[in-house]
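As a plain string of letters, each chain reads:
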Amino acid sequence: MKFTFSWLKDHLDTTASLDQIVEGLIGVGLEVEEVSDLTKALAPFKVAYVRDAVKHPNADKLRLCAVETDDGVKQVVCGAPNARTGMKGIVALPGAYIPGTKVTLEKGVIRGMESQAMLCSERELLISDEHNGIIEVESHWAIGTPAVKALGLDDPMLYLKVTPNRPDALGVRGIARDLAAKGLGKLKPLEAAPVVGTFSSPIKVTLDFPGNDTKPCPLFVGRYFRGVKNGPSPDWLKRRLRVIGLRPISVLVDITNYITFTYGRPLHVFDAKKVNGNIGARLARDGETIAALDGKTYDLTSAMTVIADAAGPEAIAGVIGGEPSGCSETTTEVFLEAAYFDPLRTAATGRKLGIASDARYRFERGVDPAFTQTGAEIASAMILKLCGGEASHLEIAGAAPDTSRSFTLRAARVKSLGGADVPLTEQSRILTALGFGVSETAEGLSCAVPSWRPDVHGEADLVEEVCRIVGLDNIPFAAMERGHAVARPVLNPLQKRMLAARRTLASRGFNEAVTWSFIPEAHAALFGGGQPDLKLANPISSELTDMRPSLIPNLIAAAGRNIDRGFADLALFEVGHAYAGDRPEDETLRAAGLRRGAAVARNWQGGARAVDAYDAKADALSVLEAAGAPIATVQVVAEAPAWYHPGRSGTIQMGPQNKLAHFGEIHPRVLAAMDVKGPLVAFEVVLNAIPGAKTKGAARPALNASDLMAVARDFAFVVDDGVEADKLVKAAKSADRVLITEVAVFDLFKLDGAKKSLAIEITLSPRDKTLTEAEIDAVSAKIIASVQKATGGILRS
Amino acid sequence: MQLQSLEADVLDQVAAASDEAALEAVRVATLGKKGSISERMKSLGAMGPEERREAGAALNLLKDKVAEALAARKMALQEAALEARLLTEKIDVTLPVRPQGQGTIHPVSQVWEEVVQIFGDLGFAVAEGPHIEDDFNNFTALNIPPEHPARQEHDTFYFNEKPDGSRMLLRTHTSPVQIRTMLASKPPIRIIAPGRTYRCDSDMTHTPMFNQIEGLVIDEITHLGHLKWVLAEFCKAFFEVDDVKMRFRASHFPFTEPSMEVDINYTREGGRLVIGQGDSWLEILGSGMVHPNVIRSGGIDPGKYQGFAFGMGLDRIAMLKYGIPDLRAFFEADLRWLRHYGFRALQVPTLAGGLT
């Protein structure tokens, strides 16, 4: 919403400065996006009189001028072709900053002649691109008059960002009303004396809706004018429209725009000679089209309201007028339309047709239905004043929808909800100034809502009205009660796991990334995603189409980008959600990481070691441990989702139904499809899947340590290649679950004939007495037997 | 040989022993079973008592002296040997250590923890909700009925329509968590809800995904003055300044009534933003008293309960606090950026130790 300071003052009787007005607007909730005030930037520029302009003695194209300024007569060298004796222009004296050239003016010597000032072009003042000559102002302006005044640029423009609940502030008068309530002046009386019609309109107005349901357009007001003269608007009107960014068209059209911005009341004018028969509001018929004033033709549907005559639609209701019946320079007979259109239908129509107009903007937010006729009267008076002619009686079809409603504002409610101590009389004054019909009751105030405030629906809205006018800055701070002297913990187990996973991975050398939740369709498909439920209907780009089924694809893509930047060795992780479906329970919180290149970079002590699946396994286990998973009892099995290398990947699980994590090398085909080079390993832990801790309380069980020395014995077994180490370790452990406290694999090498040697170190921890050699030998024999039974392994001799 | 010359002879040999083996040879030759001194001790038995006492004392004296000399020489030789070994064991301590990756925590995660520290102290629990939401929680329950103009402004990402005509969407704000929390719990409620949000918008300052943090208080007494206080205390604690000037502006959100936007003061010093100084204003959040319709949607009686809600950009406050210029870089996983703006693994923000 744009307007000028003087425009505001037409409706607000105020002595407040522009700065005070701006502050007031911000305070009452009308956000000021921009204030364009040329009076400051152009302060050094003033009107001057060119007493004498002669040819420069040393240059054909330059002139030597004697210029009368408010600082005496100056000699000015000027190259403008229109510089001539007797004209008045705009002068800048040395020291003035010239916005168009971004330099501060100094005295100069041009072709041997001193130039003591400068006659300015519009471009030099940054008020237009014009640079063919210097500015000429009308001769009645006295020397020394500020340039902004002589050029009509002394009216600052304000640009408000009006929130969608305040259609009343989409007119200057509504803004003035807020400021008056704020105490920044007095709202001037509305000038809307009805125009006396002298004849009956030859065009009648009608409402034609199925079943007489006039909701789309409950009220249509029209008036016929004859003998009018259209043409350019007066300067003041053109200037105001230009300042707010509207192009003046003709006085009839400009009047409708002016009333739109002054009162938030859109209107339309038809060239009455181009109207066929009567005119009225009806629903469009499917297949109808209209050539609109924006030069485009639109296809209409029966969901849209149109203003139509016998020939068909002449305007899209509340959105845009039609081209054929529009007013032109030659218009002499005019039909003025002021109607009330349903906000929702207007919004839907505008949206569907892709038309953004000042009328739609207001109708869809809700114009004042009670102002329909008033707006028509104000426009009528303006047409008669600026275009002459004669007005008919008003033609009225339907009635303004009844929006009357009242709410009680309890006396203590502003305090109890808004926290503001405002005397009831002041609350009453504020609401009255805003147009509410206020009466005091036993409970507080009974407030009738004005017709221009469709946003007010209850007591809370009334509290807001009082608070915003009082000023939210004036509401005292109130400390909230502290529930507990020492704050209680607030995080749930999953949140704690998330934090633990992050810090653990960062401490293992991973850099945390945060990546999009949506990924390209092709990537989703590679990782088991791409279900129809998880495809965006309106993705922002073809790269962000599907909700991610896993965090790994984004990490691989990120690795690829970083590799291209020269980072070959990297470790990235993310903690975030993956999506298996569109129900809340389908979203799982995961911690995923990726290592690429060398696990240990090349260094002076040795060469680089490439990452392998065991790095990823260690990462996954460290996350699980930090997140409280029962690491001692989890199973690691040699199966993993399809995006892993089938022989170099695994799953960590509590059981087949509860998989906690997977890890391994990424499948070469997946890397090839994503165009990222390995070696590359990854893991993904599902933090939701980790069972909650069973123990309660902080106390630990007592330490049960033996003072007796533990004994270690090494065994090397020859087993088939296919035997899993874990199986052998478990078999060894099961030989004596009390005495054997640790089994560690310390050597592995390949033997001929599809065999391998696997060496383990067994730790025996005696509890009561030192073990004898015989006892140790007995346990050893049990271990060998157990391993042989479980794996077929034979002790290497 | 006279005892004195024997002593001199033995001590010479001790001194001359150049290593521990030579020294041991001297010991055997003197104090060993058949050593020169041991042999003389044996001859004491053949002497008369008087003579034996005298000669015995002298011999014992000699024996002690020799033993002492042997021990001293042994220690000297060991010392010398250690010194010699240490001289050969010098390393170049300026060589670099074994390479180990330096991990980092993303600024959004760090700020998540900072915010939770502050609001946790004020008694706010951390609530969460799904990113894939339904229309009710994201809009209708928040007093944004279908066709409300605010719906158009949300630039919502939708999923495809289901057979029943409904369609899921990506939450455009964290406010649906308000509804879920109210439906799942009873007042008094004090929560914050940080998390990812999505809008179909991308330019210099917008990304299609961003992080928001929601706040919600529902009880019987909390009013706008409490909201102002909480926000002011939060800003001081988060930006770690003694005072922040704040500007509270009336505004409009469908889900709050009254509504307000909050600005904080800042200035620029050499291209850097300094919060809490200067006269320029920066909008940081939207807030207000929860609309009665929203409380009702949450299954709570708005006639009895009231409270406030606020929402702000987690990425945005991270940018402001840590001087990070570009939002888009948050989600690009550029290692150079992650390492530069990231935080150390054990740099955990706490109220006791300070947030930064």
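Residues numbered from 1 in each chain as written. Chains lettered and ligands numbered in written order. Predicted model: local features only at pLDDT ≥ 70, side-chain atom pairs only at ≥ 80, totals over all residues.

Here we look at the overall build of chain A
Reasoning step 1: Regarding its fold elements, chain A presents 20 helices and 44 strands.
Reasoning step 2: Taken over the C-alpha trace, chain A has a radius of gyration of 42 Å; the compact-globule value for 797 residues is 28 Å, which it surpasses by more than 25%.
Reasoning step 3: In terms of principal-axis extent, the alpha carbons of chain A reach across some 130 × 85 × 60 Å.
Reasoning step 4: Counting only residues that meet the buried cut, chain A has 44% of its 797 residues in that class.
Reasoning step 5: Residue pairs at least 24 apart in sequence account for 69% of intrachain contacts in chain A once pairs closer than 6 positions are excluded. (Helix = DSSP H or I, 4+ residues; strand = E, 2+ residues; numbered from the N terminus. Rg over C-alpha atoms; globule rule 2.2 N^0.38 Å. Buried ≥ 20, exposed ≤ 12 C-beta atoms within 10 Å, placed from the backbone. Contact = placed C-beta atoms within 7 Å.)

Things to note about the overall build of chain B
Reasoning step 1: Scanning chain B for helices and strands turns up 12 helices and 10 strands.
Reasoning step 2: Relative to the globule expectation of 21 Å for 356 residues, the C-alpha radius of gyration of chain B, 42 Å, shows a markedly less compact shape.
Reasoning step 3: Taken along the three principal axes of its C-alpha coordinates, chain B extends 130 × 55 × 45 Å.
Reasoning step 4: Counting all 356 residues of chain B, 43% fall into the buried class.
Reasoning step 5: Long-range contacts, defined here as pairs at least 24 residues apart, represent 66% of the contacts in chain B between residues at least 6 apart.

Points about the sheet that holds strand β34 (residues 587-596) of chain A
Residues and elements named next belong to chain A.
Reasoning step 1: The sheet built from 7 strands is open, its strands ordered β30-β33-β34-β40-β39-β38-β37 with mixed pairing. Of all strands in the sheet, those bounded by a partner on one side alone are β30 (511-512) and β37 (635-637).
Reasoning step 2: In this structure, strand β38 (residues 644-655) lies alongside strand β39 (residues 658-666), joined through 7 bridges in antiparallel fashion. Bridge assignment links Thr651 to a residue of β39, and that residue is His662.
Reasoning step 3: Most of the contacts of helix α16 (residues 552-564) go to β34, to which it runs at about 30 degrees, and overall it touches β33 (570-579), β34, β39 and β40 (680-686). (Pairing = 2+ DSSP bridges. Axes fitted to C-alpha atoms, helices over the stretch in contact; angles between N-to-C directions.)

Considering the packing of helix α1 (residues 3-16) of chain B against helix α4 (residues 49-88) of chain B
The geometry of a pair of packed helices is captured by two quantities: the angle between their axes and the separation between those axes.
Residue and element names in this part refer to chain B.
Reasoning step 1: α4 packs onto α1 with a crossing angle of 10 degrees between their chain directions and a minimal axis gap of 10 Å. Between α1 and α4, the crossing angle belongs to the class labelled roughly parallel. Of the residues in α4, those in contact with Leu3, Glu7, Val10, Leu11, Val14 and Ala15 of α1 are Ala58, Leu62, Lys65, Val66, Ala69, Leu70 and Arg73.
Reasoning step 2: Per-class residue counts for the contact of α1 with α4 are 10 nonpolar, no polar and 3 charged. (Parallel < 35°, antiparallel > 145°, perpendicular 65-115°, else oblique. Nonpolar A, V, L, I, M, F, W, Y, C, P; charged D, E, K, R; others polar.)

A look at the confidence of the model for chain B
In low-pLDDT segments, the atomic positions of the prediction should not be examined closely.
Reasoning step 1: Averaged over every residue, the pLDDT of chain B is 92; residues scoring 70 or more account for 99%.
Reasoning step 2: Taken together, the chains of this predicted complex give a pTM of 0.87 and an interface ipTM of 0.89. (pLDDT = per-residue confidence, 0-100.)

Describing the environment of Phe199(A)
All names here are of chain A.
Reasoning step 1: For Phe199, the location among the structural elements is in the loop between β14 (186-187) and β15 (205-208).
Reasoning step 2: Counting along the chain gives 126 residues from Phe199 to Val73, while the straight-line C-alpha distance between them is 63 Å.
Reasoning step 3: Apart from residues no more than four positions distant in its own chain, Phe199 is found in contact with Glu390 and Ser392.

Considering the domain arrangement of chain B
Reasoning step 1: We note that the domain assignment places domain 1 (3-88) and domain 2 (107-341) within chain B.
Reasoning step 2: Domain 1 of chain B and domain 2 of chain B are separated by 91 Å when their C-alpha centres are compared. (Domains from an automatic or database assignment.)

Some thoughts on α1(B)
Reasoning step 1: Its 14 residues give α1(B) an end-to-end C-alpha distance of 20 Å, which sits within 8% of 20 Å, the value for a rise of 1.5 Å per residue.
Reasoning step 2: For α1(B), the secondary structure elements touched by its buried residues are α2 (20-31) and α4 of chain B. (Expected span 1.5 Å × (residues − 1).)

A short note on the pairing of strand β42 (residues 740-751) of chain A
All names here are of chain A.
Reasoning step 1: Within β42, only 0 of the 12 residues are buried, which leaves the element largely exposed.
Reasoning step 2: In this sheet, strand β43 (residues 755-764) lies alongside β42 in antiparallel orientation, the contact comprising 10 bridges. Bridge pairing in β43 places Val743 opposite Ile762.
Reasoning step 3: Between the antiparallel neighbours β42 and β43 lie 3 residues, among them Gly753 with a positive phi of about 70 degrees.

Looking at helix α14 (residues 493-507) of chain A
Reasoning step 1: Helix length check: α14(A) (15 residues) gives 21 Å between terminal C-alpha atoms against 21 Å at 1.5 Å per residue, within 8%.
Reasoning step 2: Regarding α14(A), the residues found buried are Arg497(A), Met498(A), Ala501(A), Arg502(A), Arg503(A), Thr504(A), Leu505(A) and Ala506(A).
Reasoning step 3: On the buried face of α14(A), the contacting elements are β30, β33, β34, α17 (613-626) and β40 of chain A together with α5 (107-121) of chain B.
Reasoning step 4: Immediately beyond the C-terminal end of α14(A), within one or two residues, lies Gly509(A), with a positive phi of roughly 95 degrees.

Observations concerning the sheet that holds strand β44 (residues 794-795) of chain A
Strands pair in a sheet through their backbones, by hydrogen bonds, and they do so in one of two ways: parallel or antiparallel.
Residues and elements named next belong to chain A.
Reasoning step 1: Strand order in the open sheet made by the 4 strands is β42-β43-β41-β44, with antiparallel pairing throughout. Since the sheet does not close on itself, it has two edges, and those belong to β42 and β44, each with one partner.
Reasoning step 2: The strands that helix α20 (residues 773-791) touches are β41 (711-720), β43 and β44; relative to β41, the one it contacts most, it runs at about 25 degrees.

Quick look at the interface of chain B and chain A
Reasoning step 1: Contacts between the two partners involve 70 residues from chain B, matched on the other side by 80 residues from chain A.
Reasoning step 2: Counting only elements with at least two residues in the side of chain B that touches chain A, the list comes to α5, β1 (125-126), α7 (149-153), α9 (224-239), β6 (246-253), β7 (256-269) and α12 (335-341) of chain B.
Reasoning step 3: With 7 residues, the single largest contributor to the side of chain B that touches chain A is α9(B).
Reasoning step 4: The residue makeup of the side of chain B that touches chain A, split by class, is 37 nonpolar, 22 polar and 11 charged.

Topic: the nonpolar core
One broad rule of soluble globular proteins: the nonpolar side chains tend to lie buried together.
Reasoning step 1: Residues Ile316(A), Ala317(A), Val334(A), Ala339(A) and Val466(A) are the most contacted members of the largest nonpolar core, which totals 173 residues.
Reasoning step 2: The biggest single contributor to this core is helix α7 (residues 251-263) of chain A, with 8 residues.
Reasoning step 3: Setting aside its immediate chain neighbours within four residues, Val466(A) contacts Val414(A), Gly418(A), Val422(A), Gln427(A), Ile430(A) and Leu431(A).
Reasoning step 4: Among the nonpolar cores identified, the runner-up in size contains 80 residues, and Ala661(A), Val681(A), Phe683(A) and Ala333(B) belong to it. (Core = buried A, V, L, I, M, F, W, Y, C linked by C-beta atoms within 7 Å.)

Observations regarding the packing of α5(B) against helix α11 (residues 314-322) of chain B
All names here are of chain B.
Reasoning step 1: Orientation of α5 relative to α11, taken along the N-to-C sense of each, is 95 degrees, at an axis distance of 9 Å. The pairing of α5 with α11 is recorded here as roughly perpendicular in orientation. For the pair formed by α5 and α11, the contact residues are Pro107, Val108, Val111 and Trp112 on the first element and Leu314, Asp315, Ile317, Ala318 and Tyr322 on the second.
Reasoning step 2: Across the contact of α5 with α11, the residue classes tally to 8 nonpolar, no polar and 1 charged.

Side note on unusual backbone geometry
Residues and elements named next belong to chain B.
Reasoning step 1: Residues Pro187 and Pro188 are joined by a peptide bond in cis, for which omega reads 0 degrees.
Reasoning step 2: In this structure, Pro188 sits in the loop between α8 (176-184) and β4 (189-198).
Reasoning step 3: Residue Glu257 is joined to Pro258 through a cis peptide bond whose omega torsion reads -5 degrees.
Reasoning step 4: Structurally, Pro258 can be placed in strand β7.

Observations regarding the environment of Ala479(A)
All names here are of chain A.
Reasoning step 1: Here Ala479 shows up in the loop between α13 (459-470) and α14.
Reasoning step 2: Using a count of 10 C-beta atoms within 10 Å as the deciding quantity, one classes Ala479 as exposed.
Reasoning step 3: Sequence-wise, Ala479 and Ser325 are 154 residues apart; in three dimensions their C-alpha atoms are separated by 64 Å.

Examining the environment of Leu42(A)
Residue and element names in this part refer to chain A.
Reasoning step 1: Position of Leu42 among the secondary structure elements: in the loop between α3 (38-41) and β4 (46-55).
Reasoning step 2: On the basis of neighbour count, Leu42 is assigned to the buried category, with 24 C-beta atoms found within 10 Å.
Reasoning step 3: Distance from Leu42 to Val172, taken between C-alpha atoms, is 26 Å for residues 130 residues apart in sequence.
Reasoning step 4: Those residues in contact with Leu42 that sit more than four places away from it in its chain are Leu125, Ala147 and Val148.

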